Amino acid sequence: MIVPAVFLQDENFVDLLYIVAFSLFIYGLSGLTGPRTAVRGNKIAAVGMAIAFIATLLTRGVLSGSSTPWLIALGVVLGAAVGIPAALNVRMTAMPQMVALFNGVGGGAVALIAWVEYRHHFGGDFALKVEIPSLFAAIVGSISFWGSSIAFGKLQEILPGRPIKLPGQSLINAGLLLVCVASAVVLAAGTHSQLLFFFGILVAAGVLGLMVVLPIGGADMPVVISLLNAFTGLSAAATGIALNNTALIVAGMIVGASGSILTNLMAKAMNRSVPAIVAGGFGGAVDAPVSAGSDGGTVRATSAQDVAIQLSFARLVVIAPGYGMAVAQAQHAVRELERALEAKGVEVKYAIHPVAGRMPGHMNVLLAEADVPYDLLREMDDINPEFSRTDVTLVIGANDVTNPAAKNEPGSPIYGMPILEVDRSAAVVVLKRSMASGFAGIDNPLFYEPKTSMLFGDAKTSVTEVTSEVQAL
Ligand code: TAP
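Residues numbered from 1 in each chain as written. Predicted model: local features only at pLDDT ≥ 70, side-chain atom pairs only at ≥ 80, totals over all residues. Heavy atoms only, no water.

On to the overall build of the chain, then. When helices and strands are counted, the chain shows 17 helices and six strands. Relative to the globule expectation of 23 Å for 473 residues, the C-alpha radius of gyration of the chain, 26 Å, shows essentially globular dimensions. With the principal axes as the frame, the chain shows a C-alpha extent of 80 × 60 × 35 Å. With 473 residues in all, the chain has 47% of them scored as buried. Sequence separation of 24 or more characterises 78% of the internal contacts of the chain that already satisfy a separation of 6 or more. (Helix = DSSP H or I, 4+ residues; strand = E, 2+ residues; numbered from the N terminus. Rg over C-alpha atoms; globule rule 2.2 N^0.38 Å. Buried < 20%, exposed > 50% of the residue type's maximum accessible area, 1.4 Å probe, protein only. Contact = heavy atoms within 4.5 Å.)

Below, the structure written as structure tokens:
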């Protein structure tokens with residue numbers, strides 16, 4: 001695109017570019033509502049971001065200073081050198097860690113910008129309308145950076161997934177929040193020449209970020225990631241206000257608003273309350289893993305041939321996929337099995353739990369990739385009443401989302417989380433490699449029920465074997 005020189009650095013032209021960028025963000029975001037349009041939506045939003053970046057460079061004063069263009073170029077090269085290979089090489093199953101990491105980096109960048117702004121005005125004139133959003137951005141950005149780092153550590157299994165809680169945790173959190181707010185008030189009230197208070201804010205908010213996420217148990221991680229995402233968006237919007245940058249305000253608010261809505265939806269799906277998350281009493285009621293096998297329950301192993309017979313004589317088969325299907329990349333094999341069963345007159349449906357896998361919509365994306373017709377997918381609330389008339393439920397690499405302890409064991413860390421009630425079907429076949437627990441780190445009583453049989457092995461191999469047996473019958 002050739003832009004007449006007169007337009008460059010013209011405020012109206014820059015504003016026009018920003019409007020185009022926001023429109024593309026919003027249009028792109030609307031594409032993320034369905035797996036089929038998500039990739040296109042993401043590309044559209046990325047074009048919007050490139051336009052916003054160019055508009056920022058064209059803003060008067062941004063490129064002033066002899067070293068500034070080089071520093072910006074260095075940032076772009078370093079960011080691209082890290083970000084592009086990371087995004088290209090990340091495994092689908094490691095996506096949540098990546099989201100947590102990128103989200104944390106966003107929060108950290110916002111906190112650093114707030115610090116730079118503060119140093120910029122150090123000892124001079126700092127208008128409240130700039131200072132207050134900067135302080136807000138420093139607090140929330142710092143919480144988001146450190147909280148996301150812990151979330152990354154838990155998801156990457158560098159840190160234990162179980163809740164880590166100190167005695168008096170809620171009081172400590174309240175104290176840290178008080179330190180942040182009190183320091184911010186002192187600075188805003190005029191003693192802002194004291195850099196020490198600003199560091200106090202960054203450190204207290206950072207420790208608060210760690211303290212809020214450490215006690216959160218594995219199964220509740222989706223909610224906290226989404227909450228931290230909303231925090232990063234809000235802190236970016238605050239930085240936009242401080243820097244008088246419309247692009248940052250709009251983009252930050254889009255992330256903040258969509259993150260807040262997603263947090264609310266996830267919390268509802270997990271039967272948790274958002275205030276309980278913020279208070280720190282979340283997901284960590286019990287530290288000890290619950291053992292379903294300790295009461296003498298036995299496990300019944302089965303074979304691909306037996307499963308094929310069971311499935312072929314069923315009227316209704318429900319497939320309940322989980323994280324293990326993603327690890328095994330078994331979605332195409334599962335689709336083949338569905339076709340083989342349908343060819344024998346068996347009705348097949350898929351049961352989709354809102355937090356099955358490791359990211360929102362994980363199962364929908366995988367099954368769409370394998371061309372599973374969307375009308376065969378049933379959300380949890382729709383499929384649960386159907387389990388009582390289901391002949392066989394095939395649990396493929398799912399564990400926590402089928403765990404009846406969530407309904408029956410008040411002491412369980414996942415108690416209260418809505419589950420796929422697969423135990424109400426006439427028979428259950430679980431495909432997994434071992435008796436290992438799922439993300440929440442707890443045993444699953446479903447595996448010991450007399451109606452349950454276990455087909456041990458990699459999900460893709462097992463499903464392929466079952467399909468061959470079904471076709472041979
Ligand atoms: P999980 O409870 O994590 O269980 C997955 C099971 O898959 C494991 O028990 C594992 O058992 C099995 N598995 C792994 N690789 C396999 C393979 N190659 N073949 C066959 N089985 C394999 O999964 P879920 O039921 O989907 O529940 C999701 C959990 O993740 C919930 O606790 C949820 O809160 C949490 N979480 C969700 C999200 C979102 S947004 N979806 C984000 C973060 C965390 P073996 O090792 O014995 O095979």
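On to the domain arrangement of the chain, then. Each domain of the chain was delimited in the assignment, giving domain 1 (5-280) and domain 2 (298-472). Placing a centre on the C-alpha atoms of domain 1 and another on those of domain 2 gives a separation of 37 Å. Across the boundary between the two partners, domain 1 contributes 17 residues, which contact 23 residues of domain 2. Across the domain 1 to domain 2 interface the summed buried area is about 1,700 Å²; carbon plus sulfur atoms make up 73%. On inspection of domain 1 and its partner domain 2, the count reaches zero salt bridges. Residue assignment for the side of domain 1 that touches domain 2 shows that the elements contributing at least two residues are α2 (35-58), α4 (95-120), α8 (221-243) and α9 (246-269). For the side of domain 1 that touches domain 2, the leading source of residues is α9, giving three residues. Split into classes, the residues belonging to the side of domain 1 that touches domain 2 amount to 12 nonpolar, three polar and two charged. (Domains from an automatic or database assignment. Buried area = accessible area lost by both parts, 1.4 Å probe. Salt bridge = Lys/Arg side-chain N within 4 Å of Asp/Glu carboxyl O. Nonpolar A, V, L, I, M, F, W, Y, C, P; charged D, E, K, R; others polar.)

The next subject is the packing of aromatic side chains. Counted according to the given criterion, the structure contains four aromatic pairs. An angle of 85 degrees between the planes, with centres 4.9 Å apart, marks the rings of Phe145 and Trp146 as edge-to-face. Given the relative accessible area of 29%, Phe145 is considered partly exposed. Residue Trp146 is classed as partly exposed on the basis of its relative accessible area of 38%. For the cation-ring pair, Arg119 lies above Trp115, with the distance from its terminal atom to the ring centre recorded as 5.6 Å. Here the guanidinium or amino end of Arg358 rests over the ring plane of Tyr323, the centre of that ring lying 3.5 Å away. (Phe/Tyr/Trp six-rings, centres within 6.5 Å; stacked < 30°, edge-to-face > 60°. Lys NZ or Arg CZ within 6 Å of the ring centre and 35° of its normal.)

What follows is about unusual backbone geometry. Its identity as a non-glycine residue notwithstanding, Gln329 has a phi of 50 degrees, on the positive side. Relative to the helices and strands, Gln329 is located in the loop between α12 (323-328) and α13 (331-343). The class of Gln329 is partly exposed, set by a relative accessible area of 32%. With a phi close to 65 degrees, Asp371 is a non-glycine residue in the positive phi region. Structurally, the position occupied by Asp371 is in the loop between α14 (362-369) and β3 (377-379).

The subject of this paragraph is the pattern of salt bridges. Applying the stated criterion across every chain, the model contains nine salt bridges. The salt bridge involving Lys349 is made with Glu386; its shortest N-O contact spans 2.6 Å. Taken together, the positions of Lys349 in strand β2 (residues 347-352) and Glu386 in the loop between α15 (380-383) and β4 (392-396) put the pair 37 residues apart, joining distant regions of the chain. The two residues Lys349 and Glu386 agree in class, both being buried. Salt bridges sharing common partners tie together Glu347, Lys349, Arg378, Glu386 and Arg389.

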